[in-house]
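Working through the structure, step by step
Chain by chain, the residues run as shown.
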Amino acid sequence: MSVIAIRPDYEAHTEVRDRLGNFHGNQVVYVHWEKHLSFCAAIAFPLPPDMPFGAFIDNVIKPHYAPHPQAEAIDWAAVTWQIDGADATPDLGKSLAENGVGHKSIVRFWTPGLDGYHGSAS
Amino acid sequence: MSARKLGLKQRYALMTRGLDWETTYQPMEEVYPYDRFEGIKIRDWSEWEDPFRLTMDSYWKFQAEKERKLYAVLDSFAQSNGQTGISDPRYINAIKLFITGVSPLEYQAHRGFAFTGRHLRGVGPRVAAQMQSLDELRHAQTQIHTISHYNKFFNGMAEWPHMHDRVWYLSVPKSFFDDARTAGPFEFMIAIGFAFEYVLTNLLFVPFMSGAAYNGDLATVTFGFSAQSDESRHMTLGIEVIKFLLEQHPDNLPIVQKWVDKWFWRGHRVLGLVAMMMDYMLPKKVMSWKEAWEIYFTEAGGALFQDLARYGLRPPKYADVATAEAEHISHQNWCTFYQYTHAAAFHTWLPTAQEMDWLSEKYPNTFDKYYRPRYEMWAQMEKDGHRFYNMALPQLCTTCQIPMVYTEPGDPTTIAFRQSMYKNERYHFCSDGCKDIFDAEPEKFAQSWLPVHQIFQGNCGGATVPDVLDWYKLKVGEDNLDFGQSPDRKTWDEWQASKSRLAG
């Protein structure tokens, strides 16, 4: 299926606004802490593809989830990860790109034992 | 011998039919280039029935009369300081959402129907679309005039047209109409005329207008009344157009069904803003969103689609999903604005204990289990001096442009993530409904101007939150943040104090 337009060359006149090249050397990465819906949606960041995964955790994920009362209790060694829907064991010393995190990838993580405020997924 | 007075039908025929001609310098196909490419087949335009048979001269007369009445009420509302008589100043935030999110859509509808009126070659729908175009312009104007009075006293309204084009959550209604207006004229008629004006309109106007009545906002009630007779004409046009298309040719059915599916889902997503307004922003509640959905969609919509079944049309795809979401959508939306209050042009607050009890009663299956704990946690954090803010930007759905906050059907603890790959780019969606819409027209939606990505690209005033708010013309500390500390609250408290001084 595709768009039905008055001109056959419709697509030649369109602009894909989310192209990787539009982000000044960064790629967009989404991250989501499962069962903590006080953060209403996954959160988005423009990040260099060569950022080490460890730095992504320490400098991006941790500070942004810090306001949640359960954030301090996270055991990062026990966290389970999914990258674009597939289970993953990220190598913290390797880059986002080397770990398979591309432009507009979604990184979801679960924190065993922590299921939100009073187990409510909040 | 005096001229015999014409009957209504005859008069309508004389004043609307036979006024155009078959062009000879240019082929008709060139004069009406837009009414064929969508694949809709029309055998005979003259089969179009116009049940209103309204002619332009009577149209002007009716509208002028309504305008006189409306402006008389507005004058008296202003002179008697009607703004001091509303139920609770939090109510004004519903009006802020209306002027920034809804009134600009009236103007978009005006332009859309003007385009449609020009490009459909049948005279019946052309006349009807032209009148609706004028109605929509009038609605935009009367809403602006009515709300301008509140703008003298409260924040968040002054930059509404500017905000509509730029602010992240207003891209939701804006992109909805941009999508409809960049479609062909038949799709526009099904999108706005049928899906929005017929199937869903009661879920937009009844809540806002009854909400106004319940909360002492006489001015808004009056523009609602002034628009009411127009709305019934618009609904008639909406139902007429779908029946006409389905009767004209059997090949039209799959095309119309695809549009009905698409625009029902898109409308449902936009109306989430109304859901939140009803359940959280009205200090005096009319009914819950879930109740409104049951009355206006499940019952009224059910009867409508039963009636349309004889043409082979089935109810919109994912109507069952939308109905299940009525248990969640208002809570999930209000939670979103609560945590992004710094970036909203209206005020937010936590529901009071009494309001939470009302929500428990109205949402026995979901509120206490999933949403009350969230508000209790945030209330505790406020008390401890750590009011909860989300300081990162949310992932957005490529189709509806709403932050991806909606949960899996059947699992309110897990966000629904949907993806499509198109030409090696990954696109994200909040639901199967939004994914299907993208997959049907990826060339169109790959162009989405997603506010979060635009901020990252440096197209929204700068890299920091204050830069972006400045670009929105959103005044920090006046337009945004919680109601409790707002200048709106201060203004209201001063009015109350001066009233009690007078009384004392």
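Residues numbered from 1 in each chain as written. Chains lettered and ligands numbered in written order. Predicted model: local features only at pLDDT ≥ 70, side-chain atom pairs only at ≥ 80, totals over all residues. Heavy atoms only, no water.

1. Quick look at the UniProt feature "domain: YHS" (unreviewed entry) in chain B
Worth spelling out the cut-off: UniProt positions are given in the numbering used here, feature names are shortened, and annotations may be inferred rather than shown by experiment. Numbered from the N terminus, helices here are DSSP runs of H or I no shorter than four residues, and strands are runs of E no shorter than two.
The positions that UniProt labels "domain: YHS" (unreviewed entry) are, in the present scheme, residues 407-449 of chain B. Overall, residues 407-449 of chain B shows 30% helix and 40% strand. The separation of its end C-alpha atoms is 24 Å.

2. Things to note about the interface of chain B and chain A
Convention followed: The contact criterion used throughout is that any non-hydrogen atoms of two residues lie within 4.5 Å. The buried area of a pairing is the accessible area, by a 1.4 Å probe, that goes missing from both parts when the two are put together, added over both. The salt bridge criterion pairs a side-chain nitrogen of Lys or Arg with a carboxyl oxygen of Asp or Glu, the two atoms within 4 Å. Identification of polar contacts relies on pairs of N or O atoms within 3.5 Å, with a donor-acceptor requirement for protein atoms, meaning one able to donate a hydrogen and the other able to accept it, and with residues adjacent in sequence counted only if both atoms are side-chain atoms. Residues are grouped as follows: Ala, Val, Leu, Ile, Met, Phe, Trp, Tyr, Cys and Pro are nonpolar; Asp, Glu, Lys and Arg are charged; every other residue, Gly included, is polar.
Listed as interface residues are 58 residues of chain B and, on the opposing side, 47 residues of chain A. Together chain B and chain A conceal approximately 4,400 Å² of surface at their shared face, both sides included; 58% is due to carbon and sulfur atoms. Contact with chain A buries surface across chain B, with E443, F456 and Q457 of chain B losing the most and accounting together for 14% of the total. One can count 3 salt bridges joining chain B with chain A. For the salt bridge of E425 of chain B with K104 of chain A, the shortest nitrogen-to-oxygen distance reads 3.7 Å. Summed over the shared surface of chain B and chain A, the result is 21 residue pairs in polar contact (both at pLDDT 80 or more). Broken down by element, the side of chain B that touches chain A gets its largest block of residues, 8 residues, from helix α17 (residues 367-383) of chain B. Among the residues forming the side of chain B that touches chain A, the class breakdown is 30 nonpolar, 15 polar and 13 charged.

3. Description of the sheet that holds strand β5 (residues 105-110) of chain A
Going by this rule: Two strands qualify as a pair provided that DSSP identifies no fewer than 2 bridges between them.
Pairing within the open sheet is mixed, and its 6 strands lie in the order β4(A)-β3(A)-β5(A)-β1(A)-β2(A)-β1(B). Looking along the sheet, the strands with just one partner apiece sit at the ends: β4 (86-88) of chain A together with β1 (393-394) of chain B. Of the strand pairs in this sheet, strand β1 (residues 27-33) of chain A and β5 of chain A are connected by 5 bridges, and their pairing is parallel. From the neighbouring strand, V29 of chain A faces β5 of chain A, where its bridge partner is S105 of chain A.

4. Focus on the packing of helix α3 (residues 56-79) of chain B against helix α6 (residues 123-151) of chain B
Residue and element names in this part refer to chain B. Definition in use: All axes are obtained by fitting lines to C-alpha atoms, using only the stretch in contact for helices, and the reported angles, taken between N-to-C directions, cover 0 to 180 degrees. The scheme is simple: roughly parallel for angles under 35 degrees, roughly antiparallel for over 145, roughly perpendicular for 65 to 115, oblique for anything else.
Where α3 meets α6, the axes come as close as 11 Å, and the angle between the chain directions of the two elements is 10°. Judged by the inter-axis angle, α3 sits roughly parallel to α6. Counting all contacts with α3, which are made through M56, Y59, W60, Q63, K66, E67, L70, Y71, L74, F77 and A78, the residues of α6 involved are M131, L134, D135, R138, Q141, T142, H145, T146, H149 and Y150. In terms of residue class, the contact of α3 with α6 is built from 11 nonpolar, 6 polar and 4 charged.

5. Here's the deal with the pairing of strand β4 (residues 418-422) of chain B
Residue and element names in this part refer to chain B. Applicable threshold: Here's how the labels work: a residue is buried when its accessible area is under 20% of the maximum for its type, exposed when over 50%, partly exposed in between, all with a 1.4 Å probe on protein chains only.
A one-sided burial pattern is seen for β4, the buried positions being R418, S420 and Y422 and the unburied ones Q419 and M421. Here β4 pairs with strand β5 (residues 425-429) via 5 bridges, running antiparallel. In the sheet register, R418 faces β5, and the bridge partner there is F429. Adjacent in sequence and paired antiparallel, β4 and β5 are bridged by 2 residues, among which K423 carries a positive phi angle near 50°.

6. Some points on unusual backbone geometry
In most cases, non-glycine residues show a negative phi, while peptide bonds are predominantly trans. Residues and elements named next belong to chain A. Backbone geometry at K104 places phi at a positive 65°, although glycine is not the residue there. In this fold, K104 is placed in the loop between β4 and β5. Owing to a relative accessible area of 1%, K104 belongs among the buried residues under this scheme. Positive phi is not limited to glycine here, since A121 has a value of about 65°. Of the residues examined, A121 reaches a relative accessible area of 3% and is grouped as buried.

7. As for the pairing of strand β2 (residues 43-47) of chain A
Extensive coverage of β2 of chain A is indicated by the burial of 4 of its 5 residues. Relative to β2 of chain A, β1 of chain A runs antiparallel, the two sharing 5 bridges. When the bridges of β2 of chain A are listed, V31 of chain A appears paired with I43 of chain A. Where β2 of chain A and β1 of chain B come together, 2 bridges link them in antiparallel fashion. Along β1 of chain B, the bridge assignment pairs A44 of chain A with L393 of chain B.

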